[in-house]
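One letter stands for each residue in the lines below.
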Amino acid sequence: MPRGLIFHPPGTFEDVASKEALTKNITKIYTGIGLPAFYVAVNFIKLSNEDVWVGGERTIQNPFIRIVAEHVAVRIENDDLAYKRTADAFEKASKPHISDKGYDWEFHVDETERRLWHDSSSVWE
C-alpha cells in the first residue's frame, strides 16, 4: 500500500481543491501500474515556519515542500531505468502543484519490507 506524506508550510495546500489535485496525480502513478486507487493514501502535514530548517537555517523565504512515498504493496525493480521512471513520475505528478508555483521541493521513496507491515485486517502468523 503506497502512502504519500506531503510536508508543507502554511500558505501551501490550504484548500481541499489543491490537495485533491495533487493526490489525484499521485494516485495515477500507482493506478498506472495496476494498483487499485483505494490502496493509495496521502497525508498532508502542515509544518509551521518555525518547524522547517534546512542547512541550519529557517526556510521562510520560499516554501519548501517535502514528499515522502512509502511503498509496501509495490516495490520498484532494482534497475536504474525503473528508478528513473519512478522519479520522473513523481516529478510529473508534482510539477503543476509545486515547482510550477516556484516552491522548493524534494522527494524520496522508502520501500518497507512487506514482512514488517501489519494492518488491522492482517493476521500475524
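From a predicted model like this one, the values you see are computed outputs, not experimental measurements.

Reading guide: rules and limits
Residues numbered from 1 in each chain as written. Predicted model: local features only at pLDDT ≥ 70, side-chain atom pairs only at ≥ 80, totals over all residues. Heavy atoms only, no water. 1 Å grid on protein atoms, 1.4 Å probe; cavity = no way out; pocket = protein on both sides within 12 Å on 5 of 7 lines; lining within 4 Å. Points joined across faces, edges and corners; volume = space filled by probe spheres on them. Helix = DSSP H or I, 4+ residues; strand = E, 2+ residues; numbered from the N terminus. Nonpolar A, V, L, I, M, F, W, Y, C, P; charged D, E, K, R; others polar. Core = buried A, V, L, I, M, F, W, Y, C linked by side-chain atoms within 4.5 Å. Buried < 20%, exposed > 50% of the residue type's maximum accessible area, 1.4 Å probe, protein only. Contact = heavy atoms within 4.5 Å.

### A few points about the layout of surface pockets
Considering only enclosed or pocket space, the largest pocket measures out at about 360 Å³ in volume. What lines the largest pocket is a set of 17 residues, among which Ile-29, Ile-33, Arg-85, Thr-86 and Ala-89 lie closest to the centre. For the lining of the largest pocket, the elements supplying multiple residues, two or more each, are α1 (16-31) and α2 (80-94). Considering every element that reaches the lining of the largest pocket, the biggest residue donor is α2, with seven residues. Residue classes in the lining of the largest pocket are distributed as nine nonpolar, three polar and five charged.

### What to know about the nonpolar core
In this structure, Ile-6, Phe-13, Ile-26, Tyr-30, Ile-65 and Ile-98 are the most contacted members of the largest nonpolar core, which totals 16 residues. Elements with a minimum of two residues in this core: α1, β5 (64-71) and α2. Looking at which element gives the most residues to this core, the answer is α1, with four residues. Filtering out sequence-adjacent residues up to four positions away, Tyr-30 remains in contact with Pro-2, Leu-35, Val-40, Ala-69, His-71, Val-74 and Phe-90.

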